[in-house]
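# Structure assessment
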Amino acid sequence: MEYSHRYHAYPTQEVAAELDHHIDIHRQAYNYTLYEYDNVDADNIGSAYKHHSRLPDWKDEFPVFSGVNSKALQRTVTRFYQNLTGLSEQKQNGRKVGKLTWKSPREFQSITYSQSGFELKNTSGRRATLWLSKIGDIKLRYHREIPDEAAIKEVTIKKETTGEWFVSFGLETDEADLPEKPDVDSLNTDNSVGVDLGILNYIHTSDGTTVDWIDLEDEYERLYREQRELSRKEHGSNNYENQRQAVAKVKRHIRRKVLDYQHKLTTWLVTEYDAVFVEDLNVAQMLQSDGNARNKQAAAWRQFITLLEYKGELYGTHVVQVEAAGTTKECATCGVETAKPIWVREHSCPSCGFECDRDANAAMNVLQRGFAELGLGWPESTPVETALPTDTTRVSAKCVVETGSPTLNEATPVAE
């Protein structure tokens, strides 16, 4: 299993200047890779592995490339080909894509050391030190330990638009060291849950818990004020740069608040249940549709699902994505589809007469589809009418943010 841990870094002024210098050299390497890809015979390039063999010639022709770590330089070339693969995949999915372009200094703000050239030291307390080849020591706020069973495969250091530095460790844990997931045959409606990603609510579970949206109105109002102030500054001036960083800090605060909220929700789900079923949403298409696009984007549903899958592996919980189409229209009792405009919040089946909250019906359909995805039949002894709760427990976003879980039970583990 591959995952990452991220830490705040505090380089000295001298080291920060050296980092900026190295990042700019890697930016030039990335751009030169693009140049060679467009202009060199395809027999000599065409893959990251082939392109790596050209690096010794680069160093002879451009001595500046000798001043950075060789493995990190290879990783920058690989980065170009990863971006190329990403564009190709988007094109295959029917999206209109352009070509890769040269990176400006603002667009290239990170470097990655792969396999070697780094060492994590002094990890006994809340501070640690990262040594990077040809750069030096960098202090880290070591707020959580890297597990003993995890191997550090790569290290990425990045300068954010706020001017702050962060280090991400790419970790790999052997599958044998992860908690074993419960046997599929042991899953039932008591230890499994379907999750509907909502519009009026952030999530609605099949056992009747509704978690409200996180309130970001104040943050967005502040962001608009800072952006208006930025528009009044002269581009390129010191005042403009200071205000640009102020805007970046508000954006960072919004991202962190959403991510923290999602960490708490996903950790609660994977520790509360043996199996979590969630819709496989086409997030890009949803953002392009009419409606409250800002809230949809703030929801960061794809990020939520990614976190849920990662936490499922980490805590030994089944996390399964199911087909999302029709979960709202389809009756959870008889399967008959009924068209519902977005403003209709109740499900009322004209075929069997089953009535419940619209999102509760969708969550139960997600649960049933999850059981089918795992090859399990729907328990005949537990008809859907009794599986659906008669009452809905509503949890405000404030409770999630302040207590660390959507329940006020102190025994519920708090997310990281």
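Residues numbered from 1 in each chain as written. Predicted model: local features only at pLDDT ≥ 70, side-chain atom pairs only at ≥ 80, totals over all residues. Heavy atoms only, no water.

### A look at the overall build of the protein
Cut-off, in case you're wondering: Here a strand is any run of E in DSSP of at least two residues, a helix any run of H or I of at least four, and the numbering for each starts at the N terminus. Buried means the residue's accessible area, taken with a 1.4 Å probe over protein chains only, is under 20% of the maximum for its type, while exposed means over 50%, and partly exposed covers the values in between. We call two residues in contact when some of their heavy atoms are within 4.5 Å. Only the protein chains shown count as cover for residues, with accessible areas throughout obtained via the Shrake-Rupley method and a probe of 1.4 Å.
The helix and strand inventory of the protein stands at 12 helices and 15 strands. Evaluated residue by residue, the protein yields a buried proportion of 44% over its 416 residues. Partitioning the contacts of the protein with sequence separation of at least 6, the portion at a separation of at least 24 is 67%. If you sum the accessible surface of the protein, you get close to 22,000 Å²; carbon and sulfur atoms cover 46% of it.

### A look at the side chain of Thr-162
For the record, the criterion: As used in this structure description, the phrase polar contact means that two N or O atoms lie within 3.5 Å; if the pair is within protein, one of them must be able to donate a hydrogen and the other to accept it, and residues adjacent in sequence are counted only when both atoms belong to side chains.
By the element assignment, Thr-162 lies in the loop between strand S6 (150-159) and strand S7 (165-173). Thr-162 sits in the buried class, given a relative accessible area of 5%. Side chain to side chain, Thr-162 and Glu-164 meet in a polar contact 2.9 Å long. Ignoring sequence-local partners within four residues, the contact set of Thr-162 consists of Gln-245, Ala-248, Lys-249 and Arg-252.

### Examining helix H4 (residues 70-92)
As a reminder of what qualifies: Multiplying 1.5 Å by the residue count of a helix minus one yields the expected span of that helix.
In a regular helix each residue adds 1.5 Å, so 23 residues correspond to 33 Å; H4 covers 34 Å between its end C-alpha atoms and thus fits that length. Residues of H4 that are buried sit in contact with helix H1 (13-39), helix H2 (48-52), helix H3 (55-61), strand S2 (110-114) and S6. The opening residue of H4, the one whose side-chain oxygen lies 3.0 Å from the backbone nitrogen of Lys-71, is Asn-69. Downstream of H4 by one or two residues, Gly-94 has phi in the positive range, about 95 degrees.

### Describing the nonpolar core
Applied cut-off: As used in this record, nonpolar core signifies buried Ala, Val, Leu, Ile, Met, Phe, Trp, Tyr and Cys residues forming a set joined through side-chain atoms within 4.5 Å.
With 48 residues, the main nonpolar core has Leu-19, Leu-130, Leu-132, Ile-138, Ile-157, Val-167 and Phe-169 as its most contacted residues. It is H1 that provides the largest number of residues to this core, a total of nine residues. Among all residues touching Val-167, those that are not within four sequence positions of it are His-5, Arg-6, Tyr-7, Ala-9, Leu-130, Leu-140, Val-155, Thr-156 and Ile-157.

### Examining a positive patch on the surface
Inclusion rule: Within this analysis, patches are made of residues with over 30% relative accessible area and no salt bridge. Like charges are joined at 9 Å or less; nonpolar side chains (Val, Leu, Ile, Met, Phe, Trp, Tyr) at 5 Å or less. Here, a salt bridge means any Lys or Arg side-chain nitrogen found within 4 Å of an Asp or Glu carboxyl oxygen. Residues counted as positive are Lys and Arg, residues counted as negative are Asp and Glu, and His and the chain ends are not counted. For this purpose, a charge sits on NZ of Lys, CZ of Arg, CG of Asp or CD of Glu.
Together, Arg-126, Arg-127, Arg-141, Lys-158, Lys-251, Arg-255 and Arg-256 make up a region of like positive charge exposed at the surface. The element best represented in the positive patch is helix H6 (residues 238-272), accounting for three residues. Among the structural elements, Arg-126 can be located in the loop between strand S3 (118-121) and strand S4 (127-132).

### Digging into the sheet that holds S2
Under the convention used in this document: When DSSP locates at least two bridges between a pair of strands, those strands are taken to pair. Fitted lines through C-alpha atoms serve as axes, helices being fitted only where they are in contact, and the angles separating the N-to-C directions of these axes extend from 0 to 180 degrees.
Taking strand neighbours across the sheet as the criterion, the seven strands line up as S2-S6-S7-S1-S5-S4-S3 in an open arrangement whose pairing is antiparallel. The open sheet terminates on both sides in strands that have one partner only, identified here as S2 and S3. Here the average twist between neighbouring strands, direction ignored, is 30 degrees. Where strand S1 (residues 2-10) lies against strand S5 (residues 136-141), two bridges are found, and the strand directions are antiparallel. Bridge pairing in S5 links Tyr-10 to Lys-139. Across the sheet, H4 lies against S2 and S6, angled at about 115 degrees from S2, the strand it touches most.

### Remarks on the packing of aromatic side chains
Put simply, the rule reads: Note on ring pairs: Phe, Tyr and Trp rings are taken, using the six-membered ring of Trp, and paired if centres are within 6.5 Å. Classes follow the plane angle, with under 30 degrees stacked, over 60 edge-to-face and the rest tilted. To sit over a ring, a charge needs its Lys NZ or Arg CZ within 6 Å of the ring centre and within 35 degrees of the ring normal.
Under the criterion given, the structure shown has 20 aromatic pairs. One aromatic cluster is present, built from ring pairs that chain together Tyr-30, Tyr-37, Phe-80, Tyr-81 and Phe-108. For the cation-ring pair, Arg-79 lies above Phe-108, with the distance from its terminal atom to the ring centre recorded as 4.0 Å.

### Let's talk about the pairing of S1
Each regular strand displays side chains that alternate between the two surfaces of the sheet. Inspection of the sheet shows S1 paired to S7 by eight bridges, in the antiparallel sense. Bridged to Ser-4 within S7 is Gly-170.

### Let's talk about the packing of H6 against helix H9 (residues 301-315)
Heads up, the condition is: The labels follow the angle: roughly parallel below 35 degrees, roughly antiparallel above 145, roughly perpendicular from 65 to 115, and oblique for the rest. In a left-handed crossing the near helix is turned counterclockwise from the far helix by less than a right angle, and in a right-handed crossing that turn is clockwise. Residues are grouped as follows: Ala, Val, Leu, Ile, Met, Phe, Trp, Tyr, Cys and Pro are nonpolar; Asp, Glu, Lys and Arg are charged; all remaining types, including Gly, are polar.
Between H6 and H9, whose axes approach to 9 Å, the crossing angle comes to 40 degrees. In terms of their interaxial angle, H6 and H9 are classed as oblique. The handedness of the crossing between H6 and H9 is right-handed. Contacts between H6 and H9 pair Val-258, Leu-259, Gln-262, His-263, Leu-265, Thr-266, Thr-267, Leu-269, Val-270 and Thr-271 from the former with Gln-303, Phe-304, Leu-307, Leu-308, Lys-311, Gly-312 and Tyr-315 from the latter. Tallied by class, residues from the contact of H6 with H9 come to nine nonpolar, seven polar and one charged.

### Observations concerning the confidence of the model for the protein
Let me state the cut-off plainly: Residue-level confidence of the predictor is summarised by pLDDT, bounded by 0 at the bottom and 100 at the top.
Residue-level pLDDT values for the protein average 84, and 86% of them are 70 or greater. Segment residues 287-295 is flagged for pLDDT under 50; beyond a separation of four residues in sequence, or across chains, it makes nine contacts in the model. Note on residues 408-416: pLDDT is under 50 here. Beyond four places in sequence and across chains, it has 22 contacts.

### Thoughts on H9
Spanning 15 residues, H9 covers 21 Å between terminal C-alpha atoms, matching the ideal 21 Å at 1.5 Å per step. Of the positions making up H9, those classed as buried are Trp-301, Phe-304, Ile-305, Leu-307, Leu-308, Tyr-310, Lys-311 and Gly-312. Just past H9, the residue Gly-316 takes up positive phi, approximately 75 degrees.

### Focus on unusual backbone geometry
Leaving glycine aside, a negative phi is the common case for residues, and trans is the common case for peptide bonds. With phi around 55 degrees, Asn-122 is a residue other than glycine that occupies positive phi space. Looking at the element boundaries, Asn-122 is found in the loop between S3 and S4. On the accessibility criterion, Asn-122 (52% relative accessible area) is exposed. In this structure, Lys-134 is a non-glycine residue whose phi angle is positive, near 70 degrees. Counting through the fold element by element, Lys-134 comes out in the loop between S4 and S5. Exposure remark for Lys-134: the relative accessible area of 46% places this residue in the partly exposed category.

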